[in-house]
Amino acid sequence: MTVEEFGTLRNGNIAHLITLKNSNGVEVKLTNLGAAVVSISVPNKENKFEDVVLGYDSLSGYEIDAYCLGCITGRFANRIKAGKFELDGHVYQLACNNGNNHLHGGLSGFNRKLWKIADQKFNTSESVTFLLTSEDGDQNYPGKVELSVNYLLTENNSVEIHYSATTNKPTILNPTNHTYFNLSGDFTRQIVDHLIRIDADFFTPTDNESIPTGEILKVDNTPMDLRDFVKIGDGIDEDFNQLKYARGYDQNWVLRNYDKRIKEVAEVYHQNSGRFLKTYTNQPGLQFYTGNSLNGRAKGKNEIPVNTRTGFCLEAQFYPDSPNHSHFPQPVLRPGEKYTQTTVYQFGVRSTSN
Ligand code: BGC
């Protein structure tokens, strides 16, 4: 692991850039602003290494970013209806920063914070731990939360993300990683030529503001059925209300047999490059998002505009708006308990089409 200065924030604080490398030549760069993934360089089938995640060339891009590129979102990733939830008889009102609703922790969520880099002696050479204290009342969430997020690059080309957190008062917590992947390594290209598989028999449909209706529906005979590989471009514009509301994929899939243990849950394959990405998690849900609201206004790496559908996210999480649906798994954390999440993004190549 190496640490260098990434730049100076508008408030004068310095953010850092951390580099992890393994013996296969895979390189992962991260910043402590938002505990974000900045780049992941992995080989294609001709052993050409390319960066496969959307991001910015400089710190200022991350500082003004509106899309959560690469970062850890929270306290509550995804949406909470009208920014309101009730816990132990208290009603909490959060900021409505996405139309009528709360999204990704509010106006100054985890993505806007400068995390501490944990003492290097706790890290192996291929791992870094970011620490954050979110004070009682931060963005109106109750309880002081101490959160740590450890990124580990392994020899099998996996980026493992290990989260742990405690609180001093009952609260809700649902962080996720919001990396946008483009396995072609060419950020001018849409990800519509990638194939996706998600091991889920059900999804949580939403209204036209992307708020779950509370139903848990079968994926059968809908474009939400991704149990066998589907080309993203074949499904994304189908005549289906969920896809129309979100202008593409942006839904939560109900992962099978939620028992808090880590399982393989999804795979994306890009035939031209041969690259694949497998996702493993111990979370109950997975938001598959195809970058529908990226609009080209921000300049990404190499000055390439961050355009619609040029990246996809696989956000392991509790279901959206779960605090308002008691039959969904609950993202509640109480004093004395420990929140843990492990999500793994594993990269590989296949030289054939299967
Ligand atoms: C959400 C999208 C949102 C995007 C950027 C995703 O996690 O599901 O609806 O546009 O984040 O905030």
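Please read all numbers here as calculations on a predicted model, not as lab measurements.

## Details of the overall build of the protein
Right, on to step 1. Tallying secondary structure elements over the protein gives three helices and 27 strands in all.
Right, on to step 2. A compact globule built from 354 residues would reach a C-alpha radius of gyration of about 20 Å, and the protein, at 19 Å, matches this within 12%.
Right, on to step 3. Here the C-alpha coordinates of the protein stretch approximately 60 × 50 × 40 Å along the principal axes.
Right, on to step 4. For the protein, the proportion of contacts with a sequence separation of at least 24, taken over those separated by at least 6, is 66%.
Right, on to step 5. Of the roughly 14300 Å² that the protein leaves accessible, carbon and sulfur atoms contribute 46%.
Right, on to step 6. Charge centroids of the protein, computed over 35 positive and 41 negative side chains, lie 1 Å from each other.

## Points about the sheet that holds strand β5 (residues 49-51)
Right, on to step 1. Spatially, β1-β2-β3-β4-β5 is the arrangement adopted by the five strands of the open sheet, whose pairing is antiparallel. Because the sheet does not close on itself, it has two edges, and the strands there are β1 (2-8) and β5. Shown here is a sheet whose adjacent strand axes are inclined to one another by a mean of 20 degrees, direction ignored.
Right, on to step 2. Sheet analysis places strand β4 (residues 36-43) next to β5, joined by three bridges and oriented antiparallel. Bridging from a neighbouring strand, serine 41 pairs with aspartate 51 of β5.

## A look at the environment of serine 273
Right, on to step 1. With respect to the helices, strands and loops of the structure, serine 273 is situated in the loop between β22 (263-270) and β23 (275-281).
Right, on to step 2. Residue contacts for serine 273: discarding those within four places in its chain leaves Asn44, Lys45, Leu183 and Val349.

## Concerning the packing of aromatic side chains
Right, on to step 1. A full pass over the atoms with the stated rule returns 14 aromatic pairs.
Right, on to step 2. Arranged with centres 5.0 Å apart and planes meeting at 90 degrees, the rings of tyrosine 56 and tyrosine 62 form a pair that is edge-to-face. Taken individually, tyrosine 56 and tyrosine 62 each receive the classification buried, so the pair is uniform in this respect.
Right, on to step 3. Judged by centre distance (6.4 Å) and plane angle (35 degrees), the ring pair of phenylalanine 85 and tyrosine 141 falls under tilted. With phenylalanine 85 in strand β8 (residues 84-87) and tyrosine 141 in the loop between β12 (127-134) and β13 (145-153), this pair connects stretches of sequence that are 56 residues apart. Of the two residues, phenylalanine 85 and tyrosine 141, neither departs from the other in class, the shared state being buried.
Right, on to step 4. Ring-pair connections join several aromatic residues into one group, and the members of that group are Phe181, Phe312, Tyr345 and Phe347.
Right, on to step 5. Over the ring of tyrosine 269 we find arginine 350; its NZ or CZ atom is 5.1 Å from the centre of that ring.
Right, on to step 6. One cation-aromatic arrangement involves arginine 350 over phenylalanine 276; the distance from NZ or CZ to the ring centre is 4.3 Å.

## Comments concerning the pattern of salt bridges
Right, on to step 1. Evaluated as defined, the whole model comprises 23 salt bridges.
Right, on to step 2. A salt bridge links aspartate 199 to arginine 197; its shortest N-O distance comes to 3.0 Å. Both residues of the pair, aspartate 199 and arginine 197, belong to the buried class.
Right, on to step 3. For aspartate 259, the salt bridge is made with lysine 263, and the minimal N-O distance between the two is 2.6 Å.
Right, on to step 4. Judged by relative accessible area, aspartate 259 falls into the partly exposed class, the value being 32%.
Right, on to step 5. One salt-bridge network, in which partners are shared between bridges, spans Arg197, Asp199, Glu264, Glu267 and Arg350.

## Brief notes about the site of the ligand
Right, on to step 1. Around the ligand sit Tyr67, Arg79, Leu103, His104, His178, Tyr180, Asp250, Gln287, Tyr289, Ser293 and Glu315, and those are all the residues in its vicinity.
Right, on to step 2. Contact distances for the ligand include 2.9 Å between an oxygen atom and a side-chain N or O atom of histidine 104.
Right, on to step 3. Within the contact set of the ligand, an oxygen atom lies 2.5 Å away from a side-chain nitrogen or oxygen of aspartate 250.
Right, on to step 4. Protein chains bury 92% of the 300 Å² of accessible surface belonging to the ligand in isolation.
Right, on to step 5. Grouping the constituent residues of the shell around the ligand by class yields four nonpolar, four polar and three charged.

## Looking at the environment of arginine 297
Right, on to step 1. Turning to its location among the elements, arginine 297 is positioned in the loop between β24 (285-289) and β25 (313-317).
Right, on to step 2. Note on arginine 297: relative accessible area 73%, which makes it exposed.
Right, on to step 3. Counting along the chain gives 10 residues from arginine 297 to asparagine 307, while the straight-line C-alpha distance between them is 7.8 Å.

## Focus on the sheet that holds β22
Right, on to step 1. Spatially, the nine strands line up as an open sheet ordered β11-β12-β13-β14-β27-β23-β22-β17-β20, and their pairing is antiparallel. With one partner strand each, in any of the chains shown, β11 (116-117) and β20 (230-231) form the two edges of the open sheet.
Right, on to step 2. Alignment of strand β14 (residues 158-167) against strand β27 (residues 339-349), held across eight bridges, turns out to be antiparallel. When the bridges of β27 are listed, alanine 165 appears paired with tyrosine 339.

## Focus: the nonpolar core
Right, on to step 1. Ile40, Tyr151, Ile198, Phe288 and Phe347 are the most contacted members of the largest nonpolar core, which totals 59 residues.
Right, on to step 2. Once residues within four sequence positions are removed from consideration, isoleucine 198 is found in contact with Leu226, Arg227, Trp253, Leu255, Val265, Ala266, Leu286 and Phe288.

## So, unusual backbone geometry
Right, on to step 1. For the bond from glycine 74 to arginine 75, the omega torsion is 10 degrees, close enough to zero to count as cis.
Right, on to step 2. Structurally, arginine 75 is set in the loop between β6 (72-73) and β7 (79-80).
Right, on to step 3. Unusually for a residue other than glycine, asparagine 157 sits at a positive phi of about 60 degrees.
Right, on to step 4. Classification of asparagine 157 as buried rests on a relative accessible area of 14%.
Right, on to step 5. With a phi close to 60 degrees, asparagine 221 is a non-glycine residue in the positive phi region.

Calculation criteria
Residues numbered from 1 in each chain as written. Predicted model: local features only at pLDDT ≥ 70, side-chain atom pairs only at ≥ 80, totals over all residues. Heavy atoms only, no water. Helix = DSSP H or I, 4+ residues; strand = E, 2+ residues; numbered from the N terminus. Rg over C-alpha atoms; globule rule 2.2 N^0.38 Å. Contact = heavy atoms within 4.5 Å. Areas by Shrake-Rupley, 256 points an atom, 1.4 Å probe, with all protein chains shown as cover. Lys, Arg positive; Asp, Glu negative; His and termini not counted. Charge placed at Lys NZ, Arg CZ, Asp CG, Glu CD. Pairing = 2+ DSSP bridges. Axes fitted to C-alpha atoms, helices over the stretch in contact; angles between N-to-C directions. Phe/Tyr/Trp six-rings, centres within 6.5 Å; stacked < 30°, edge-to-face > 60°. Buried < 20%, exposed > 50% of the residue type's maximum accessible area, 1.4 Å probe, protein only. Lys NZ or Arg CZ within 6 Å of the ring centre and 35° of its normal. Salt bridge = Lys/Arg side-chain N within 4 Å of Asp/Glu carboxyl O. Near = heavy atom within 4 Å. Polar contact = N/O pair within 3.5 Å; in protein donor to acceptor, adjacent residues only side chain to side chain. Nonpolar A, V, L, I, M, F, W, Y, C, P; charged D, E, K, R; others polar. Core = buried A, V, L, I, M, F, W, Y, C linked by side-chain atoms within 4.5 Å.

Everything listed here is a matter of coordinates, which is why it stays silent on function.
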